[in-house]
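Analysis of the macromolecular model
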Amino acid sequence: MTRTLLRLAVSEAARVLGEAGVDSPRADAELLAAHLLGVDRGKLLMVPLVDAEVVTALEAMVARRAAREPLQHITGTAPLGPLDVAVGPGVFVPRPETEQLLAWALTALRGVSSPVVVDLCTGTGALALAIAHARPDAVVHAVEKSPSALSWARRNADARAAAGDTPVTLHSADVTAPDVLADLESRVDLVVSNPPYVPEGVQVSPEVATDPHEAVFAGPDGLDVIRPLITLMARLLHPGATLAVEHDDTHGEVVPGLFSTRTLFTDVRLHHDLAGRPRFTTARRA
């Protein structure tokens, strides 16, 4: 049986993806090969030769990615922190930018015993589940209004609970509703959110366009969800508690400004992503 050098197959995959306009063709080619072979990306060198069937299967996956199907839909998972969550059509795919918000949130919880945490617009549940994984003593609630997204969140929550993590409580609710989570008023230590925030009409990549429209776009200025979210955060947090909300890179002034104009918030800070773009804002309940 003819066998092929894996590095040649990966190089050809990277070439095809590069010509298709994929942002990170080599990385995606390696991740697809690793997924197909069931090994970590860093261990591909330990698989020098592959059978023709593997090359054919890789070519099929590469063709899907070249058509700009999200990498995470092909592999079926997306990473956030130490976790891989299940993803697919009907739910927003977690992005690497949110890793920094997660790191900030875990730092904010240091010294807080048995914290109560709320994740608003949870989508796959990735943020909530990553926090529950890192802090087994936390009581974590996650809110999502989309039935499709909530089914993905429930699948991921069940998987993490089966793996031994502290269970997360899921809520089917609209974060813009005035009475959501009324029983948690002034009881929460940390609120995090990665809500819809792209202004309507903005052109996004084919991969982002695959996400549910309502999980990406939020009105003419991208703030239709964040504005009511601020009121909800103020109601949920106890004095001294903290929050973090991700937003569009065009919101570097307006979102911190929305928090600063409310006397209920102090210590308002803007955080940039690794590319230097405004990415999320944090604040403390006064």
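Residues numbered from 1 in each chain as written. Predicted model: local features only at pLDDT ≥ 70, side-chain atom pairs only at ≥ 80, totals over all residues. Heavy atoms only, no water.

Quick look at the sheet that holds strand β11 (residues 278-285) now. The seven strands are arranged β7-β6-β5-β8-β9-β11-β10 in an open sheet whose pairing can be described as mixed. Two strands close off the open sheet at either side, each with one partner strand: β7 (169-172) and β10 (265-272). Strand-to-strand, the axes of this sheet are offset by a mean angle of 15°, without reference to chain direction. Where strand β5 (residues 116-120) and strand β8 (residues 188-193) come together, four bridges link them in parallel fashion. Among the inter-strand pairings, L120 is bridged to a residue of β8, identified as S193. Against the sheet, helix α6 (residues 126-134) touches β5, β6 (139-144) and β8, its axis set at about 175° to β6. (Pairing = 2+ DSSP bridges. Helix = DSSP H or I, 4+ residues; strand = E, 2+ residues; numbered from the N terminus. Axes fitted to C-alpha atoms, helices over the stretch in contact; angles between N-to-C directions. Contact = heavy atoms within 4.5 Å.)

Closest axis-to-axis distance for the helix α5 (residues 98-108)/α6 pair is 11 Å, and the angle between their directions is 40°. Taken together, the axes of α5 and α6 lie oblique to each other. As α5 runs across α6, the sense of the crossing is right-handed. Between α5, through T98, L101, L102, A105 and L106, and α6, the contact on the second element is made entirely by L127, A130, I131 and A134. Across the contact of α5 with α6, the residue classes break down as eight nonpolar, one polar and no charged. (Parallel < 35°, antiparallel > 145°, perpendicular 65-115°, else oblique. Left-handed = near helix turned anticlockwise from the far one by under 90°. Nonpolar A, V, L, I, M, F, W, Y, C, P; charged D, E, K, R; others polar.)

A few words on the nonpolar core. Here is a general trend for soluble globular proteins: nonpolar side chains tend to be buried in one another's company. Formed by 34 residues in total, the largest nonpolar core has its most connected members in L120, V191 and F259. The set of elements that each furnish at least two residues to this core consists of β5, β8, α10 (226-236), β9 (237-246) and α11 (254-260). In terms of residues, this core owes the most to one element, α10, which gives seven residues. When near neighbours in sequence (up to four residues on either side) are disregarded, L120 contacts V143, V175, L181, V191, V192, S193, N194, L229, L232 and M233. Within the second largest apolar cluster, 31 residues are counted, among which are L80, L83, A86 and A105. (Core = buried A, V, L, I, M, F, W, Y, C linked by side-chain atoms within 4.5 Å. Buried < 20%, exposed > 50% of the residue type's maximum accessible area, 1.4 Å probe, protein only.)

This brings us to the packing of aromatic side chains. Geometrically, a pair of aromatic rings is defined through the distance of the ring centres and the angle of the planes. Applying the stated criterion across every chain, the model contains one aromatic pair. The interplanar angle of 80° and the centroid separation of 5.1 Å between the aromatic rings of F259 and F265 together place this pair among those described as edge-to-face. F265 shares its class with F259; the two are buried. For R95, the ring lying beneath its charged end belongs to F92, and the centroid distance is 4.9 Å. (Phe/Tyr/Trp six-rings, centres within 6.5 Å; stacked < 30°, edge-to-face > 60°. Lys NZ or Arg CZ within 6 Å of the ring centre and 35° of its normal.)

Let us look at helix α3 (residues 52-66). With 15 residues, α3 should reach 21 Å at 1.5 Å per residue; the first-to-last C-alpha distance of 21 Å fits that figure. Buried residues of α3: V55, L58, M61, V62 and R65, and no others. Buried residues of α3, viewed axially, fall in a sector of 125°; they line one side. Structural note: α3 exposes E53, T56 and E59 on the side pointing more than 90 degrees away from its buried face. The secondary structure elements touched by the buried residues of α3 are β1 (3-5), α1 (6-19), α2 (25-37), β2 (49-51), α4 (71-75) and α8 (206-210). A positive phi of about 70° marks R68, the residue just after α3. (Expected span 1.5 Å × (residues − 1). Arc of directions from axis to C-beta.)

Taking every second residue as pointing to the same face, the buried face of strand β3 (residues 77-80) carries A78 and L80, while none of T77 and P79 on the other face is buried. Where β3 meets strand β4 (residues 83-86), four bridges bridge the pair, whose relative direction is antiparallel. Note that in β4 the partner of T77 across the bridge is A86. The hairpin formed by β3 and β4 contains two residues between the paired strands, and G81 there has a positive phi angle of roughly 60°.

Further remarks concern the side chain of T122. Mapping T122 onto the fold places it in the loop between β5 and α6. Setting aside anything within four residues of it in sequence, one finds T122 in contact with A128, A142, V143, E144 and A153.

What follows covers a nonpolar patch on the surface. Together, L5, L8 and L49 give the surface a local cluster of nonpolar side chains, amounting to about 230 Å² of exposed area. Mapped onto the fold, L49 is located in strand β2. L49 gets classed as partly exposed once you look at its relative accessible area, which sits at 35%. (Patch = residues over 30% accessible without salt bridge, like charges linked within 9 Å, V, L, I, M, F, W, Y side chains within 5 Å. Areas by Shrake-Rupley, 256 points an atom, 1.4 Å probe, with all protein chains shown as cover. Salt bridge = Lys/Arg side-chain N within 4 Å of Asp/Glu carboxyl O.)

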